[in-house]
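A closer look at the structure
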Amino acid sequence: MHDIKWIRDEPEGLVRALTRRQMPHGEAVVLRDRLLSLDTARRETLTKLEGLLARRNAASKEIGQAKAAKDETRAAALMEEVAKLKVDVPELELTAKATETELNAELAALPNAPLDTVPEGKDEHDNIELRVVGAKRTYAFTPQQHFDVGEKLGLMDFETAGKLSGARFVVNKGPMARLERALGQFFLDVHTGEHGYTEVNPPLLVRDPTMFGTAQLPKFFDDQFAVYAGSVQGPIGAQEDQDRLWLIPTAEVPLTNLVREAILSEEELPLRLTACTPCFRSEAGSAGRDTRGMIRQHQFTKVELVSITAPEKSVEEHERMLACAEEVLKRLDLQYRVVTLCTGDMGFASQKTYDIEVWLPGQNAFREISSCSVCGDFQARRMNARYRPVDKDGAKSSPRFVHTLNGSGVAVGRALVAVLETYQQENGAVAVPDVLLPYMGGLKVIEKAK
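Every chain is numbered independently, its residues counted from 1 as its sequence is written. Totals for whole chains, interfaces and linings use all residues, but because this is a predicted model, local features are given only for residues with pLDDT of at least 70 and pairs of side-chain atoms are given and counted only at 80 or more. Only heavy atoms go into the side-chain values, all of them from the structure, while hydrogens and water stay out.

A closer look at the sheet that holds strand β10 (residues 299-309)
For two strands to pair, DSSP has to find at least two bridges joining them. We count a stretch as a helix when DSSP gives it H or I for four or more residues in a row; a strand needs E for two or more, and each element gets its number in order from the N terminus. An order of β1-β11-β12-β13-β16-β10-β9-β4 is seen for the eight strands of this open sheet, with the pairing classed as mixed. Strand pairing shows two members of the sheet lacking a second neighbour, β1 (128-133) and β4 (198-199), which therefore form its edges. In the sheet, β1 pairs with strand β11 (residues 336-340) via five bridges, with the strands oriented antiparallel. Note that in β11 the partner of R131 across the bridge is V338. Those strands touched by helix α7 (residues 174-193) are β4, β9 (271-280), β10 and β16 (403-411), and its axis lies near 10° from that of β10. Contacts are assigned to residue pairs that have any heavy atoms within 4.5 Å of one another. Between the N-to-C directions of two axes lies an angle of 0 to 180 degrees, each axis being a line fitted to C-alpha atoms and, for a helix, fitted only over the stretch in contact. Of the strands in this sheet, β1, β9, β10, β11, β12 (352-360), β13 (365-374) and β16 are in contact with helix α10 (residues 314-331), which crosses β16 at around 5°.

Let's talk about the packing of aromatic side chains
Each pair of aromatic rings taken from Phe, Tyr and Trp, with Trp reduced to its six-membered ring, is defined by centres within 6.5 Å and is described as stacked if the planes are under 30 degrees apart, edge-to-face if over 60, and tilted in the remaining cases. Summed over the entire model, instances satisfying the criterion amount to seven aromatic pairs. Considering the side-chain rings of W359 and F366, the 5.0 Å spacing of their centres and the 70° angle between planes classify their relative orientation as edge-to-face. Both residues of the pair, W359 and F366, count as buried. Through a chain of ring-to-ring contacts, three or more aromatic side chains come together here, namely F186, F187 and Y439. To sit over a ring, a charge needs its Lys NZ or Arg CZ within 6 Å of the ring centre and within 35 degrees of the ring normal. Geometry around Y423 places R137 over its ring, the cationic atom sitting 4.4 Å from the centre. Of note, K219 hangs over the ring of F220, and the distance from its end group to the ring centre comes to 5.7 Å. Residue burial is assigned from relative accessible area. The probe radius is 1.4 Å, only protein chains are included, and a residue is buried under 20% of its type maximum, exposed over 50%, and partly exposed in between.

Quick word on the pattern of salt bridges
Think of a salt bridge as a Lys or Arg side-chain nitrogen and an Asp or Glu carboxyl oxygen that are within 4 Å of each other. Applying the stated criterion to the full structure yields 29 salt bridges. Notably, a salt bridge pairs R272 with E317, separated by 2.7 Å at the nearest N-O pair. One end of the pair, R272, is in strand β9; the other, E317, is in helix α10, and 45 residues separate them in sequence. Residue R272 shares its accessibility class with E317, and that shared class is buried. Residues joined by salt bridges that share partners form a network here, namely R8, D39, R42 and R43.

Description of the UniProt feature "binding site: L-serine" (unreviewed entry) in the protein
UniProt positions are given in the numbering used here, feature names are shortened, and annotations may be inferred rather than shown by experiment. UniProt marks T250, A251, E252, R281, E304, N406 and S408 with the feature "binding site: L-serine" (unreviewed entry), using the numbering shown here. When sequence neighbours within four positions are dropped, the list of residues in contact with T250 reads Q216, C279, R281, K302 and E304. Looking at the element boundaries, S408 is found in strand β16. Setting aside anything within four residues of it in sequence, one finds S408 in contact with K302, V303, E304, A325, I369, S370, S371 and C372.

Some remarks on the pairing of β10
Regular strands have side chains that alternate between both faces of the sheet. Of all eleven residues in β10, nine are buried, a share of seventy percent or more. In terms of strand pairing, β9 meets β10 through ten bridges, oriented antiparallel. Looking at β10, one finds that L273 is bridged to V306. As paired strands, β10 and β16 are joined by seven bridges and run antiparallel to one another. Bridged to T309 within β16 is H403.

Printed below as a string of structure tokens:
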């Protein structure tokens, strides 16, 4: 969420940010002017309200003075004035509240401003490849896609999942289920044991304000799964419904919101958190895309990385987070590439995003397996998450908003896809990567179920 003071001070900065986000210039100007108009109306109303409150307080004192002077005519006039102010003040308070609500709703709908280091572009075709790590493997056979590998092994069942839950679900069984679990455990062990992240087991159901804090609401309302207690259901599209909970689309949501409405000490930063959780997304905008297999599912497992930092450290922390996500792929000996997303492809809350795309031999393509983003104070303002800086003399300053970052470390389901396609054998079996052997109970090769 943007700071309205920044928009007042740098109105052209907002226009530039929105046009870099591919909003037409004229539309950006109209939107800026509307925000400034609402802000002006809000501040003028507040100024008038302050004046009325001051006058009400002064008139109340003057009544006592008039009565002490036995000036009943003046006392009566003042009492009449106070009575009118008691009507006018609440009305003005309602006007101020309505204007502020409208302004905040407009601000909440605006995407974050891209950093200057983000390349200009319209879509994924304009992303910039930074590096490719590892080499493509050669096979004496034509590599199959993961769903063919898994189904032929008898350990990946989409048909039964469809009977249970519909499309975009899977049932993994036996060694396949254990391999998926092993990946999540391996990622957590590396990130907690070597990268300094604290493991958290967060709730999978969260309230409206929590989803608003990380910017899933209101913009991405239709991409989420809502849960209602009993038969109670609030109005569709409502900003906040006390009877509604949301299945988390990523552990970023509860992890980042752990600092909502808090003032941290500077010594607590950076705060680094990780979790391996089921995630739930409706994939409302992906009709017809990746309908087979585990690439795009309604339920999937992911290891999430979240960092809470001081503003001066967030760009450095972004590079660090990316390196942490890359490390687990290196140890799995999977080929991948890192790309910087352009302004037209980056997420709503992001200032800058790196995607890691893993090579899938069966698809003969790179596919996203991690996305690492720095959000600046965009989410912190929505959550009112702050910290108190300390100067060089040890004196505490006024609270400032923290900066937040999030990234996949990495998506477990897509890592399973990559392992199946990369480590498949000509006979249909799948070799277990060396780093996962300690988690597999001595199993080195996954073979067809008997």
